[in-house]
Amino acid sequence: MKVYGRITVFPIMPSRISRLYELAYNLWWSWHPEARELYSSLDPELWEQVGHNPVRFLSEAEPQKLEQAATNSQYLERYDSVINDFDHYMHPPQDETWFSQNYPHLQDKTIAYFSAEFGLHESLPIYSGGLGILSGDHCKEASDLGLPFVGVGFLYPQGYFIQHVTRDGVQEALYDKLHFSEAPATPAVGPDGNEVVISVDLPGRRIYAKVWKLMVGRVPLYLMDTDVDPNAPHDRELSARLYAGDREMRISQEIVLGIGGVRALRALGISPAAWHLNEGHAAFLSLERCRELVTQGLTFHEAREVVTANSLFTTHTPVPAGNDTFNYDLVDKYFSSYWSLLKLNRDQFMEVAREDHGWGSTYGMTVLALKLTGQHNGVSKLHGAVSRKMWQFLWPGLDVDEVPIDYITNGVHTFSWIAPEINALFRRYLDPDWGRYVDDPAFWDKRIDMLPDDELWKVHATRKELLINYARERLKQQHLRLGEGSLQIDEFEQFLDPNAFIIGFARRFATYKRAALLFRDLERLKRLLNNPERPVQIAFAGKAHPADDPGKALIEQIYRASRSPEFKGKIVFLENYDIDMARYLVSGTDLWLNTPIRPYEASGTSGQKAALNGQPNCSILDGWWAEGFNGENGWAIGEEREYHDQEIQAEADSIALYRLLEEEVVPSFFERGESGVPHRWVGTMKEAIRTCTPQYSMRRMVKEYTQRYYVPEIEQSVQIGENSYAEVRALATWKERVQKYWDGVQLYVQGQREGQLSLGEGITVKAWVRLNNLAPEDISVELVYGETREELAIPQHTIPMEYSKREQDGAYRFEAHLQPEDSGSIAYNVRVVPTHPLLKGKYEMGLIRWA
Ligand SMILES: *Cc1c(COP(=O)(O)O)cnc(C)c1O
């Protein structure tokens, strides 16, 4: 029959355990294994069948099992303890969270976080990869720290695809429908008590989205869905899937996410004081905020000052496919009735997001996000530098080091990724409450040696065995589906050997990640894997984007190798990589391999999960590992450099990798003491735990975001909102004036051009500036100096030059004294930059005049 409505009917729940419902509707269970066990232990088979989804689980649980649990004293003890923890978590006594202790005056503010995907749990497939996992982890930690935080995104009914691999290794994409009545989501209601439905205008029609609410601990996520009346069938599909469809679909989704997302918050009565754009997908939200302010009477320039003052943009990848651009035809089609609402004409509107790489202008979402937010960051130290170079064109005149894009290195939510057995070990030997010290390096430095080698080794062996069983089971299921006979199926029982050295490689199959790097020299790989004394095996997993043919070809190559006689049972490819599988892999293989083309891996986080579970990384010095590797906590493949030619790079990196494995990594693993424990290897495991757990934790990361961005933004937004935006209006007027006269600003310098000094001596430098209608307080004149390297000078030091007098001819005279602190060759120059107390940094306008 055709479905009209769908309702989930729960069995009658014994009242003694009735709060299992409430718990099911808060993703808090996703990082509390003892909470998940309240469900899974009732009926492990059903728990697997329902994909670890507690809501579905409860709707299908047999009433007798619930009745039995309600009278089982052991179960009730566990139940009471979990419920008690949950209540304490949700309603902590006054001032118990990190945020409320540090920022008691900001507790009534809201930080809004927009993301196209959220990776919270395997039963909620609204994520595709690293970006989504990061958002999910970010929300969980925001909840743990007590931030006043809300997430905004989509509740995709079909989510990201399920990966099937055929007998030939061909990836097939399947979509399962997530029925929202079976998801831990409820319709969001506004202050008037009605369910929230918002609308946005697309060409020739208005489309609607219903807003769902999903609780992640204390943090609500508001997720939109367009599969509602009275949308046309095509529009109902709009939020069906993640990263599917054509450019029109993409721009429509991004309009709903950005513009619709702001409207959803308004309809819910939420006025954020800080806004975080996680990736450029949501950048239209800044346009919508400008539109709101223009409606209140501000000009676009004024509105833009208000919007940028309290918003942050995080860029996540230098890979072009990860930075959306739209051609002007499409933007005309979707925004021709919108720019007039901003009181802009077409050219002015396009200019805001214009990107031009020599083959015509396009509308760039990353450019839009950079231009309409006041703070910007990349996701590792190296990625920050790469981003400054990549987007330097937006701040012409600035040296690349001065481009205002900073970085905060990614981390992982410790309790979502730590294996329960490792957690128990830490509790026993480090501190029963070690979770309180997750991001405190001193704790780890002091305590790590209290972990006995043999215990860590034993627990690791347990996790390895769990992974091997899981992998065999998954392989059997896959091949049963593919119609293999029972003999072949039995064979999988022998796949992967607990005594072998097992390398893990699981990530999206994007070509820059080079999953097949180890296959460049097949003979060498065969020798590595077939050494009877030191057997090596590899577990692969990962999805390629359905439109990425080269990525899919890599899967085929690896799958075929895994079925070939020489590698059978030694190389496995596990289909449908997801959060569940990731938990097995990051805690069950022996070495985590990462082979991206430097510098394309902006951060990477799976290696951080591995390290936390005592698994050393072996990785290219890219992303987080470029700063995380300390010489003792794992291995670095190749050199800290980039190559001009990717083929040469792959050749060099693969040779370095073979050599590392053959000469260092594998021998270290098989070097056993009398008791069979590889003490040297376990030393590396402990060093990985000690160094990576605190530094690459989500706790360290979210604290950094809060201290460096959210709190200053909230404070800015309070200041700016005063007196009907009087200050920003003045700033906008000032900026327009500076823009108008800047070209006519002239600078002459008088100072020694060549010569020698003795350390301790100095020179006086004078500069004259013709201001072309600007005033001396509109600018600052700086003497900049630093070491020289070939023809370039590195701007290391800046001395403000003092205004001394106005000359007869109208020029303003400035002076400074330059006295180098070190010997060596230095160079100096003088520059003028606009200054205003409300600028978010002196380079904000990108205007600079060098002598
Ligand atoms: C952690 C994780 C990722 C991201 O890992 P990278 O190292 O950034 O590639 C992707 N998918 C899943 C399922 C994960 O758990």
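None of the values given here were measured: they were computed from a predicted structure. (Residues numbered from 1 in each chain as written. Predicted model: local features only at pLDDT ≥ 70, side-chain atom pairs only at ≥ 80, totals over all residues. Heavy atoms only, no water.)

1. Observations regarding the packing of aromatic side chains
Summed over all chains, the structure comprises 49 aromatic pairs. Considering the side-chain rings of Tyr113 and Phe118, the 6.2 Å spacing of their centres and the 55 degrees angle between planes classify their relative orientation as tilted. Like Phe118, Tyr113 is buried. Linked through ring pairs, Tyr113, Phe118, Phe149, Tyr705, Tyr709 and Tyr710 together constitute an aromatic cluster. The cationic tip of Arg241 hangs over the ring face of Tyr175; the distance from NZ or CZ to the ring centre is 3.6 Å. Sitting over the face of the ring of Tyr643, Arg641 holds its NZ or CZ atom 3.9 Å from the ring centroid. (Phe/Tyr/Trp six-rings, centres within 6.5 Å; stacked < 30°, edge-to-face > 60°. Buried < 20%, exposed > 50% of the residue type's maximum accessible area, 1.4 Å probe, protein only. Lys NZ or Arg CZ within 6 Å of the ring centre and 35° of its normal.)

2. A look at the side chain of Glu117
With respect to the secondary-structure elements, Glu117 resides in the loop between strand 1 (111-114) and helix 8 (130-145). Of the buried charged residues, Glu117 lacks a salt bridge, with Arg508 as the closest side chain of opposite charge at 7.2 Å. Only 2.5 Å separates the side chain of Glu117 from the backbone nitrogen of Ser128, close enough to count as a polar contact. (Helix = DSSP H or I, 4+ residues; strand = E, 2+ residues; numbered from the N terminus. Lys, Arg positive; Asp, Glu negative; His and termini not counted. Salt bridge = Lys/Arg side-chain N within 4 Å of Asp/Glu carboxyl O. Polar contact = N/O pair within 3.5 Å; in protein donor to acceptor, adjacent residues only side chain to side chain.)

3. As for empty space enclosed by the protein
Within the structure shown, the criterion is met by 5 cavities of 30 Å³ or more. When its volume is computed, the largest cavity comes out at roughly 60 Å³. Around the largest cavity, the lining residues are Ala116, Phe154, Tyr156, Leu242, Tyr243, Arg250, Gln253, Glu254, Leu257 and His281. Per-element tally for the lining of the largest cavity: the top contributor is helix 10 (residues 247-267), with 4 residues. A breakdown of the residues in the lining of the largest cavity according to their chemical character gives 6 nonpolar, 2 polar and 2 charged. (1 Å grid on protein atoms, 1.4 Å probe; cavity = no way out; pocket = protein on both sides within 12 Å on 5 of 7 lines; lining within 4 Å. Points joined across faces, edges and corners; volume = space filled by probe spheres on them. Nonpolar A, V, L, I, M, F, W, Y, C, P; charged D, E, K, R; others polar.)

4. Quick look at the sheet that holds strand 23 (residues 763-770)
With antiparallel pairing, 4 strands are arranged side by side in an open sheet as 22-23-28-27. Two strands in the sheet have a free side with no partner beyond their single neighbour: strand 22 (746-750) and strand 27 (802-806). Put simply, the sheet's adjacent strands are angled 25 degrees from each other on average, direction ignored. Across 5 bridges, the pairing between strand 22 and strand 23 is antiparallel. From the neighbouring strand, Gln746 faces strand 23, where its bridge partner is Arg770. (Pairing = 2+ DSSP bridges. Axes fitted to C-alpha atoms, helices over the stretch in contact; angles between N-to-C directions.)

5. Things to note about the UniProt feature "modified residue: N6-(pyridoxal phosphate)lysine" (unreviewed entry) in the chain
UniProt records the feature "modified residue: N6-(pyridoxal phosphate)lysine" (unreviewed entry) for Lys609 in the present numbering. Note on placement: Lys609 falls in helix 25 (residues 606-612). Look at Lys609 and you get buried, because its relative accessible area is 4%. Those residues in contact with Lys609 that sit more than four places away from it in its chain are Ile133, Val412, Trp417 and Val586. (UniProt positions renumbered as here; feature names shortened; annotations may be inferred. Contact = heavy atoms within 4.5 Å.)

6. Overview of the site of the ligand
Around the ligand, the surrounding shell holds 14 residues, and the nearest of these are Lys513, Ala582, Thr605, Ser606 and Lys609. In the environment of the ligand, an oxygen atom lies 2.5 Å from a nitrogen or oxygen atom belonging to the side chain of Ser606. When the ligand sits alone it has 390 Å² of accessible area, and the protein chains cover 95% of it. Sorting the residues of the shell around the ligand by element identifies helix 8, helix 24 (579-588) and helix 25 as the ones contributing at least two each. Per-class residue counts for the shell around the ligand are 5 nonpolar, 5 polar and 4 charged. Two domains each provide a minimum of three residues to the shell around the ligand, namely domain 2 (100-158 + 185-410 + 703-720) and domain 3 (497-696). (Near = heavy atom within 4 Å. Areas by Shrake-Rupley, 256 points an atom, 1.4 Å probe, with all protein chains shown as cover. Domains from an automatic or database assignment.)

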